[in-house]
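Descriptive analysis of the structure
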Amino acid sequence: MTTTPQVLIAMGVSGSGKTTLAGLLAEAWQATLLDADDIHDAAARTRMATGLPLTDAMRDPWVARIAAELSRRVAAGERVVLAFSGLRRRHRDRLRDTGLSLRFLFLHGDKDLIATRMQARSGHYMPASLLDSQFDTLEMPAGEADVVTLAIDRPPAAMLRDALAALRLTA
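From a predicted model like this one, the values you see are computed outputs, not experimental measurements.

Considerations on the pairing of strand E4 (residues 102-108)
- Taking burial as the measure, the seven residues of E4 include six buried ones, the bulk of the element.
- In the sheet, E4 pairs with strand E5 (residues 147-151) via five bridges, with the strands oriented parallel. Note that in E5 the partner of Phe 106 across the bridge is Thr 149.

Here's what the structure looks like:
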C-alpha cells in the first residue's frame, strides 16, 4: 500500500490504548478524531455497563453507522482517525467495503497489562470484567495486508512514532 490513506483506524480490545493513540494520530496528522464508542447506541452501552458483552447481531448496526460516518466525513474532504475495536474480521471488512482508502493499526498486547489499565481508568462504561469476552471475540488480523501491528507496552509517544513510521506518514 503506497497511497496515503483517508482513514486510519486504531483497533484492538478495550483498554489497549486505541483512544489514546487515535487522539495523538489525529493531532499529528491533522485529522478528525472519531471514537467508535461514541457511536454505540444507549442500549449497547447499558448492556456493556452491566457486564454483558454485545452479540455480533448487536454490533452489526453499530459497524454500519461507523461506515456511514466515515464515508460522510471523507466525502466532506476530511481525513479521519478512528478508535474502533474491530474485533471481528467481518467488521473490518465492512469498513473496507466503503471503498475508502484506509489502514488499520492493531494494538496488541498482554491481557494482564490491559486488565491493569482497565482497572485504573474511570468514567468508562466498559468494565474490566468484559476483557475475557473481548479476547474471545477477537479475530487476529493475520494476513490482512492493510493492518500494521503495534505492541502496546511502549509509551504513547513511542507508539505514535512507530505508527507514523510504519504508515510512512509525515506528522
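And the narrative resumes.
Thoughts on the packing of helix H1 (residues 18-29) against helix H7 (residues 156-167)
- Contact geometry of H1 with H7 gives a least axis separation of 10 Å together with a crossing angle of 60°. Judged by the inter-axis angle, H1 sits oblique to H7. As for the relative orientation of H1 and H7, their crossing is right-handed in sense. For the pair H1 and H7, contact is made by Thr 20, Leu 21, Leu 24, Leu 25 and Ala 28 and by Pro 156, Ala 157, Met 159, Leu 160, Ala 163 and Leu 164, respectively.
- A per-class count over the contact of H1 with H7 returns 10 nonpolar, one polar and no charged.

Notes on the sheet that holds E4
- On the basis of which strands lie adjacent, the open sheet formed by five strands has the order E2-E3-E1-E4-E5 and parallel pairing. Edge positions in the sheet fall to strand E2 (32-35) and E5, since each of these pairs with one other strand and no more. Adjacent strand axes in the sheet meet at a mean angle of 20°, parallel and antiparallel pairs treated alike.
- As judged from the five bridges shared by strand E1 (residues 7-11) and E4, these two strands associate in the parallel manner. Each residue of the ladder has a partner; that of Ile 9, found in E4, is Phe 104.
- Of the strands in this sheet, E1, E2 and strand E3 (80-83) are in contact with helix H3 (residues 56-75), which crosses E3 at around 165°.
- Sitting on the sheet, helix H4 (residues 89-96) is in contact with E1, E3, E4 and E5, with an inclination near 155° to E4.

Some points on the nonpolar core
- Formed by 49 residues in total, the largest nonpolar core has its most connected members in Ile 9, Leu 25, Ile 66, Leu 70, Leu 82, Phe 84 and Leu 95.
- Among the elements of the structure, E1, H1, H3, E3, E4, helix H5 (111-120), E5 and H7 are those that each provide at least two residues to this core.
- When sequence neighbours within four positions are dropped, the list of residues in contact with Ile 9 reads Leu 82, Phe 84, Leu 95, Leu 102, Arg 103, Phe 104 and Leu 105.

A closer look at the packing of aromatic side chains
- With the rule as written, the count across this model stands at one aromatic pair.
- A centroid spacing of 5.4 Å and a plane angle of 50° characterise the contact between Trp 62 and Phe 84, whose relative ring orientation is tilted. Taken as a pair, Trp 62 in helix H3 and Phe 84 in the loop between E3 and H4 lie far apart in primary sequence, 22 residues in all. As far as the burial class goes, Trp 62 and Phe 84 line up, both buried.

As for the environment of His 91
- Tracing the sequence through the fold places His 91 in helix H4.
- Taking the relative accessible area as the measure of exposure, His 91 reaches 3% and is therefore buried.
- Residues His 91 and Asp 56 lie 35 residues apart in sequence; the distance between their C-alpha atoms is 9.4 Å.

Observations concerning the packing of H3 against H4
- Close contact between H3 and H4 brings their axes to 9 Å; oriented N to C, the two are set at 25°. The angle between H3 and H4 falls in the class roughly parallel. Like other packed secondary-structure pairs, H3 and H4 cross with a definite hand, here right-handed. Facing Asp 56, Arg 59, Asp 60, Val 63, Ala 64, Ile 66, Ala 67 and Leu 70 of H3, the residues of H4 in contact are Arg 90, His 91, Arg 94 and Leu 95.
- When the residues that make up the contact of H3 with H4 are grouped by side-chain class, the tally is six nonpolar, one polar and five charged.

Some thoughts on the side chain of Arg 92
- With respect to the helices and strands, the residue Arg 92 is situated in helix H4.
- Ignoring any residue separated from it by four or fewer positions in sequence, one finds Arg 92 in contact with Met 11, Gly 86, Leu 87, Phe 104, Glu 139, Met 140, Pro 141 and Glu 144.

So, how was this worked out
- Residues numbered from 1 in each chain as written.
- Predicted model: local features only at pLDDT ≥ 70, side-chain atom pairs only at ≥ 80, totals over all residues.
- Heavy atoms only, no water.
- Buried < 20%, exposed > 50% of the residue type's maximum accessible area, 1.4 Å probe, protein only.
- Helix = DSSP H or I, 4+ residues; strand = E, 2+ residues; numbered from the N terminus.
- Pairing = 2+ DSSP bridges.
- Axes fitted to C-alpha atoms, helices over the stretch in contact; angles between N-to-C directions.
- Parallel < 35°, antiparallel > 145°, perpendicular 65-115°, else oblique.
- Left-handed = near helix turned anticlockwise from the far one by under 90°.
- Contact = heavy atoms within 4.5 Å.
- Nonpolar A, V, L, I, M, F, W, Y, C, P; charged D, E, K, R; others polar.
- Core = buried A, V, L, I, M, F, W, Y, C linked by side-chain atoms within 4.5 Å.
- Phe/Tyr/Trp six-rings, centres within 6.5 Å; stacked < 30°, edge-to-face > 60°.

By themselves, these are just geometric observations and shouldn't be taken as functional.
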